[in-house]
Amino acid sequence: MARGDLILTLLASRLTADIQGQVEALAVQFGLQVKSTQRLADVTQHGSIDCIEHRLMGDKVDMQALRKAALVLSEALQVDVVIQEDTRDHVQPRLVCFDMDSTLIKAEVIDELARRHGVGEEVAEVTERAMRGELDFKASFRERMSKLAGLDESVLAEIAEELPLMEGVERLMVNLKRLGYRTAILSGGFTYFARYLQDRLGFDEIHANELVIENGRVTGEVCEPIVDAERKAELLETIALREGFTLAQTIAVGDGANDLKMLAKAGMGIAFRAKPLVRAQARQAISTQGLDGVLYLMGYRHIDLEG
């Protein structure tokens, strides 16, 4: 049980009176009172997203049960109902860390490499099982890499040029940079592609796995340390400490089981269009909106933002 102030953020392509009524009923069910309400974005004015933020207070709130109920309601209504503790008056986030594949981009790069190499189905099956948390990431990564032995280096450049960006990522990064946040990619994918996104979108730093290339071809070998779930969580903490930030000042965003430890360590851990296991375990989740929805969870209004 917890006592304190909460923030409930409601995001959708359009918020009807019925949706708002069901969310308000959820607050009442858990004994929460509304201290204030503000509309952060209005689809009638801006055309892409509706967002309302309620600041709530209540005694002895069962946070686990509340978040579970919010997730059930989110899925039933096809909206995002996001609960977080209200620390805004004394904690200012400074660092935002992202997974890459299926978070910043709409692809799993290792699957694309495998497809070009003629082993697509074999590798995609292993990737899917790893992201669902059914396989150890390091073991599955080594297995997938071994299947890429002999892939021509020229394929990497072709895939990098074609990487499909996730909806909202460009708007998100423009605003995070403008507002002075430090940004990092913490990926179980490859530095080759993370560097491409860094150059394109302006991330401050990247941490991913290094492809071993000899004589113009991928060897299938793996450089240590592999960036797995533990490594992502360690990197988030290391960067925060190096920059003089507390963990409460960090935000992490990811979609797979490999991101759960990072999401748990961050002050705000957002599962983005994530697998059911990840949505259920993360404290916050966005499933219906683009990546720029993160800005609204941070409390920004549409009029505060560019793009």
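Structure: above.
Residues numbered from 1 in each chain as written. Predicted model: local features only at pLDDT ≥ 70, side-chain atom pairs only at ≥ 80, totals over all residues. Heavy atoms only, no water.

Visitor: Which residues make up the overall build of the chain, and what values do they have?
Guide: Helix and strand counts for the chain come out as 13 helices and twelve strands. Scaling as 2.2 N^0.38, a compact globule of 307 residues should have a C-alpha radius of gyration of about 19 Å, and the chain matches this with 20 Å. Seen through its principal axes, the chain has C-alpha atoms that stretch 65 × 40 × 35 Å. When each of the 307 residues of the chain is scored for burial, the buried share is 54%. Counted over contacts in the chain with a minimum sequence separation of 6, partners at least 24 positions apart contribute 67%. A total accessible area of about 13,400 Å² is found for the chain, and carbon and sulfur atoms account for 46% of it. The centroid of the 36 positive side-chain charges in the chain is displaced by 4 Å from the centroid of its 49 negative side-chain charges. (Helix = DSSP H or I, 4+ residues; strand = E, 2+ residues; numbered from the N terminus. Rg over C-alpha atoms; globule rule 2.2 N^0.38 Å. Buried < 20%, exposed > 50% of the residue type's maximum accessible area, 1.4 Å probe, protein only. Contact = heavy atoms within 4.5 Å. Areas by Shrake-Rupley, 256 points an atom, 1.4 Å probe, with all protein chains shown as cover. Lys, Arg positive; Asp, Glu negative; His and termini not counted. Charge placed at Lys NZ, Arg CZ, Asp CG, Glu CD.)

Visitor: Can you break down the pattern of salt bridges residue by residue, with the values?
Guide: Counted under the stated rule, the structure contains 29 salt bridges. Notably, a salt bridge pairs arginine 217 with aspartate 152, separated by 3.8 Å at the nearest N-O pair. In this pair, arginine 217 is assigned in strand β9 (residues 217-222) and aspartate 152 in the loop between α6 (137-146) and α7 (154-161), connecting sequence segments 65 residues apart. A salt bridge links arginine 178 to glutamate 306; its shortest N-O distance comes to 3.6 Å. Of this pair, arginine 178 sits in helix α8 (residues 169-178) while glutamate 306 is found in the segment after α13 (293-297), placing the two residues 128 residues apart along the sequence. A relative accessible area of 42% means that glutamate 306 is categorised as partly exposed. Salt bridges sharing common partners tie together Arg182, Glu205, Arg242 and Glu243. (Salt bridge = Lys/Arg side-chain N within 4 Å of Asp/Glu carboxyl O.)

Visitor: Run through the packing of aromatic side chains, naming residues and quoting values.
Guide: Per the stated rule, a full pass over the model turns up four aromatic pairs. When the centroid spacing of 5.8 Å and the interplanar angle of 15 degrees are considered together, the rings of phenylalanine 137 and phenylalanine 141 count as stacked. Residue phenylalanine 137 and its partner phenylalanine 141 are located together in helix α6, separated by four residues, close to a single helical turn. A residue is classified by how much of its surface remains accessible, and phenylalanine 137, at 10% relative accessible area, is buried. Among the aromatic residues, those joined into a cluster by ring pairs are Phe137, Phe141 and Phe190. A cation over a ring is seen here: arginine 94 above tyrosine 181, with NZ or CZ 5.6 Å from the ring centre. (Phe/Tyr/Trp six-rings, centres within 6.5 Å; stacked < 30°, edge-to-face > 60°. Lys NZ or Arg CZ within 6 Å of the ring centre and 35° of its normal.)

Visitor: Break down the nonpolar core for me, citing the residues and quoting the values.
Guide: Nonpolar side chains tend to gather and get buried jointly when the protein is soluble and globular. One finds Phe98, Leu113, Leu176, Phe190, Phe193 and Leu197 to be the most contacted residues of the largest nonpolar core, which totals 62 residues. Look past the residues within four positions of phenylalanine 193 in its chain and what remains in contact with it is Met100, Val109, Leu113, Leu156, Ile159, Ala160, Leu163 and Leu211. Ranked by size, the runner-up nonpolar core spans 22 residues in total, among them Ile19, Leu26, Leu77 and Ile83. (Core = buried A, V, L, I, M, F, W, Y, C linked by side-chain atoms within 4.5 Å.)

Visitor: I'd love a proper account of the sheet that holds strand β10 (residues 250-254), names of residues and values included.
Guide: The six strands lie next to each other as β7-β6-β5-β10-β11-β12, forming an open sheet whose pairing is parallel. Lying at the two open borders of the sheet, with one neighbouring strand each, are β7 (205-209) and β12 (284-286). Neighbouring strand axes in the sheet, compared pairwise and without regard to direction, differ in orientation by 20 degrees on average. Here four bridges tie β10 to strand β11 (residues 268-272), and the two strands are oriented parallel to one another. Counterpart to valine 253 in the pairing with β11 is isoleucine 270. Running over the sheet, helix α9 (residues 191-201) touches β6 (182-190) and β7 and is turned about 160 degrees from β7. (Pairing = 2+ DSSP bridges. Axes fitted to C-alpha atoms, helices over the stretch in contact; angles between N-to-C directions.)

Visitor: Lay out the packing of helix α5 (residues 120-131) against α6 with the relevant residues and their values.
Guide: At a minimum axis distance of 10 Å, the contact between α5 and α6 shows a crossing angle of 170 degrees. As judged from the angle between their axes, α5 and α6 are roughly antiparallel. Across from Val123, Val126, Thr127, Ala130 and Met131 in α5, the residues of α6 making contact are Phe137, Ser140, Glu143 and Arg144. Its residues assigned to classes, the contact of α5 with α6 shows five nonpolar, two polar and two charged. (Parallel < 35°, antiparallel > 145°, perpendicular 65-115°, else oblique. Nonpolar A, V, L, I, M, F, W, Y, C, P; charged D, E, K, R; others polar.)

Such coordinate-based values are descriptive only and should not be taken to indicate function.
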